[in-house]
Amino acid sequence: LAKTTQPISMDSYEGQEVNITCSHNNIATNDYITWYQQFPSQGPRFIIQGYKTKVTNEVASLFIPADRKSSTLSLPRVSLSDTAVYYCLVGAIPISNFGNEKLTFGTGTRLTIIP
Amino acid sequence: NAGVTQTPKFRVLKTGQSMTLLCAQDMNHEYMYWYRQDPGMGLRLIHYSVGEGTTAKGEVPDGYNVSRLKKQNFLLGLESAAPSQTSVYFCASTTIQGTGSPYEQYFGPGTRLTVT
């Protein structure tokens with residue numbers, strides 16, 4: 001299993017850009033990197049996913065270096081509503097090899113946005 | 001469109017009792033998952049299913065059984081509950097894109113289970 005390591009917590013002020021890094025040294029060739037956001041008493045919610053280089057959507061960017069051993073989630077101009085736990089997930093669905101699914105969530109980064 | 005729903009939302013069991021958690025999705029997704037989340041921990045995969053009638057073990061399957069008799073439902077059973085199974089249980093579903101990527105999982109609101 002590709003284990004992931006993230007900072008336990010981070011604080012940031014409103015309006016700033018926040019970067020959260022996830023380390024996944026044992027990432028496999030077929031693995032993708034996915035980030036989820038979780039608010040208290042709710043299930044995780046998908047933010048962004050990538051395989052290599054850079055991916056951007058309307059809420060975040062994901063930077064993946066060439067060796068893919070880490071990834072950085074970038075949240076532009078954060079607000080108080082971005083206070084949540086952010087999880088890095090590394091894994092793949094081997095469609096042709098059912099029963100061998102490996103999805104590993106990290107312990108998450110608790111992001112607190114300060115007014 | 002309710003997405004992913006879980007029943008019940010809360011439950012307290014005594015050690016040795018049994019129960020079944022129900023997950024239902026109305027998005028016609030092929031894949032369904034059961035995770036557990038302990039305080040201060042990430043999510044750990046218990047069991048999953050890639051379609052009706054199929055199930056497979058995840059990272060922490062011991063003490064749990066699952067069934068997928070209908071495409072929209074995924075049941076998680078505890079035959080003899082233990083205090084170590086006190087946790088929040090999340091169900092998720094997703095659809096096949098055929099590329100091998102884990103794609104977007106849709107999560108339910110969770111079931112908070114306490115075993116005394």
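Residues numbered from 1 in each chain as written. Chains lettered and ligands numbered in written order. Predicted model: local features only at pLDDT ≥ 70, side-chain atom pairs only at ≥ 80, totals over all residues. Heavy atoms only, no water.

**A short note on the pattern of salt bridges**
Where charged atoms from two side chains of opposite charge come close, those side chains can pair.
Residue and element names in this part refer to chain B.
Next, step 1: Evaluation of the coordinates by the stated rule reveals two salt bridges over all chains.
Next, step 2: Close ionic contact of Asp 38 with Arg 36 constitutes a salt bridge, the shortest N to O distance being 2.9 Å.
Next, step 3: Of the residues examined, Asp 38 reaches a relative accessible area of 14% and is grouped as buried.
Next, step 4: On the basis of relative accessibility, which here comes to 8%, the residue Arg 36 falls in the buried class.
Next, step 5: One salt bridge in this structure joins Asp 38 and Arg 44, with 2.6 Å as the shortest N-O distance.
Next, step 6: Note on Arg 44: relative accessible area 25%, which makes it partly exposed.
Next, step 7: One network of salt bridges, in which partners are shared, links Arg 36, Asp 38 and Arg 44. (Salt bridge = Lys/Arg side-chain N within 4 Å of Asp/Glu carboxyl O. Buried < 20%, exposed > 50% of the residue type's maximum accessible area, 1.4 Å probe, protein only.)

**Thoughts on the state of the cysteines**
Next, step 1: Counted by the stated rule, this structure contains two disulfides over all chains.
Next, step 2: Across the disulfide from A:Cys22 sits A:Cys88; the S-S distance is 2.3 Å. Looking down the S-S bond of the A:Cys22 and A:Cys88 bridge, the torsion is -80°, so its handedness is left-handed. With A:Cys22 in strand β2 (residues 18-23) and A:Cys88 in strand β8 (residues 84-92), this residue pair connects regions lying 66 residues apart in the sequence. There is no split in this pair, since A:Cys22 and A:Cys88 are both buried.
Next, step 3: One disulfide bridge connects B:Cys23 with B:Cys91, the sulfur atoms lying 1.8 Å from each other. Sign of the S-S torsion, about -75° for the bond between B:Cys23 and B:Cys91, identifies this disulfide as left-handed. With B:Cys23 in strand β3 (residues 19-25) and B:Cys91 in strand β9 (residues 87-94), this residue pair connects regions lying 68 residues apart in the sequence. The two residues B:Cys23 and B:Cys91 agree in class, both being buried. (Disulfide = S-S within 2.5 Å. Helix = DSSP H or I, 4+ residues; strand = E, 2+ residues; numbered from the N terminus.)

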